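Summary of structural features
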Amino acid sequence: MFRRLKSCHSVADMRLLAKQRLPGPIFHYIDGAADDEVTYRRNTQAFDECDLVPNVLTGVENVDMSVTVMDVKLDMPIFCSPTALQRLFHHDGERAVARAAEKFGTMFGVSSLGTVSVEEIGRMIQCPKMFQFYFHKDRALNDAMIARAKEAKFEVLALTVDSITGGNRERDLRTGFTSPPRLTLAGLVSFALHPRWAVNYYTHEKFELSQLKDYVKEGSNIAVSISDYFSTMLDQSLSWKDAEKVRHDWGGQFCLKGVMSVADAQRAVDIGASAIMVSNHGGRQLDGARSPFDQLSEIVDAVGDKIDVILDGGIRRGTHVLKALAAGAKACSGGRMYLYALAAAGQPGVERALGKMRTEIERDMKLMGVKNVSQLSRDMLRFRSTRIDERN
Ligand SMILES: Cc1cc2nc3c(=O)[nH]c(=O)nc-3n(C[C@H](O)[C@H](O)[C@H](O)COP(=O)(O)O)c2cc1C
């Protein structure tokens, strides 16, 4: 079926439009995950095993869905997680997502593997900005990235801790996906079948990894798989001491992205982090890892009064956001929920995705009988099956 943006009403619709418009290797880089993709699927399925119990007759004509997380106020309780290589998905890349996030008053995360500079993003938008930091072997590069994000007035630094080595993304192995795209015969055929993408990619500003290009050629000029990039360029000796030093050097709101265990959540508190993103990188790293929503309650119970807990990953619906907030998350974040839309239609696509999400959250809050996010609570949730933590 031939699709257009106007006929997209959900993340699933946007995914199909992205699939239609992108060369196969690029679509599968966004859509794929590690090994058998069990964790990736579970990240969303976990929400389906939890039911909402609404209250009625509560007078919900005015609903306030704003949240404050890491000292920044967001007009909606979900923000755009940092994701790599956005100008590969759509020629406007981060510029499109940044402007859409600003329009909806939410936070925009820029990746270390971003394709527009933090300086440009800093000048472009007034909404809260997160810089996602990968700890490289090259300490001069690390220092430069932190200094640049600070100078560009980013409010939050998120150190990603779940990517110490590359996940086994077999779809990328099969398609031969690299950054920048390597011109193989199969790749050329795929580009020829998607001429609009190919013309846009080759007629717009040259692809680069803007935060890295002055230090490394890999990823901007030398084609590498992202998995190889993680495994060769990032520092696998990264420790809690290093994380504490990064927090100190940054000096502002600091978040650990990819914390999954209670013990690590407690250590995040100990090193003075402002927040943790409970995340498994959208299932792209350790397949078999528990889903963020399954793991959320025990982390909130342990550290929720000491640190902001953010649920990252698997969110495709407004009700997913409500379930996470009811379980105790301060806010949610997501990647594919806006990435398919970016790939499908640039800024209007991301605006449509965030707009649909906002409308769903507002409608769902009214149907739940809550006027603001703090009225969502655990007694509004029922889990269908016995969960592992309840069996123990
Ligand atoms: C295409 C793609 C690229 C990503 N790039 C990064 C990245 O550069 N840094 C990072 O910390 N996380 C990255 N992530 C993970 C996201 O920040 C987020 O954790 C994940 O997308 C959440 O799962 P969801 O897509 O189901 O919402 C990426 C995810 C995707 C799908």
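The notes below deal with the structure included here. (Residues numbered from 1 in each chain as written. Predicted model: local features only at pLDDT ≥ 70, side-chain atom pairs only at ≥ 80, totals over all residues. Heavy atoms only, no water.)

Below, the discussion takes up the overall build of the protein. The secondary structure content of the protein amounts to 17 helices and 12 strands. The C-alpha radius of gyration of the protein comes to 20 Å, within 12% of the 21 Å expected for a compact globule of 392 residues. Its C-alpha atoms give the protein principal-axis dimensions of roughly 60 × 55 × 40 Å. For the protein, the proportion of its 392 residues judged to be buried stands at 59%. Considering only contacts within the protein whose residues lie at least 6 apart along the sequence, 74% involve residues at least 24 apart. Seen as two clouds, the 52 positive and the 49 negative side-chain charges of the protein have centres 5 Å apart. (Helix = DSSP H or I, 4+ residues; strand = E, 2+ residues; numbered from the N terminus. Rg over C-alpha atoms; globule rule 2.2 N^0.38 Å. Buried < 20%, exposed > 50% of the residue type's maximum accessible area, 1.4 Å probe, protein only. Contact = heavy atoms within 4.5 Å. Lys, Arg positive; Asp, Glu negative; His and termini not counted. Charge placed at Lys NZ, Arg CZ, Asp CG, Glu CD.)

The next point concerns the nonpolar core. Within the largest apolar cluster, 134 residues are counted, with the highest numbers of intra-cluster contacts made by Leu 85, Phe 89 and Ile 276. Sort the elements by how many residues they give to this core and helix H16 (residues 336-368) lands first, with 16 residues. In this structure, Phe 89 is in contact with Leu 22, Ile 26, Tyr 29, Ile 30, Ala 84, Trp 197, Leu 339, Leu 342 and Ala 343, ignoring residues within four places of it in sequence. (Core = buried A, V, L, I, M, F, W, Y, C linked by side-chain atoms within 4.5 Å.)

If you check the shell around the ligand, you find 23 residues, and the closest are Pro 82, Ser 111, Thr 160, Asp 312 and Gly 335. A distance of 2.9 Å separates an oxygen atom of the ligand from a polar backbone atom of Arg 336. For the ligand, whose free accessible area comes to 600 Å², the fraction covered by protein is 99%. For the shell around the ligand, the secondary-structure elements that each account for two or more residues are helix H2 (24-31), strand S4 (78-83) and H16. Of the residues forming the shell around the ligand, the biggest block, 3 residues, is contributed by S4. (Near = heavy atom within 4 Å. Polar contact = N/O pair within 3.5 Å; in protein donor to acceptor, adjacent residues only side chain to side chain. Areas by Shrake-Rupley, 256 points an atom, 1.4 Å probe, with all protein chains shown as cover.)

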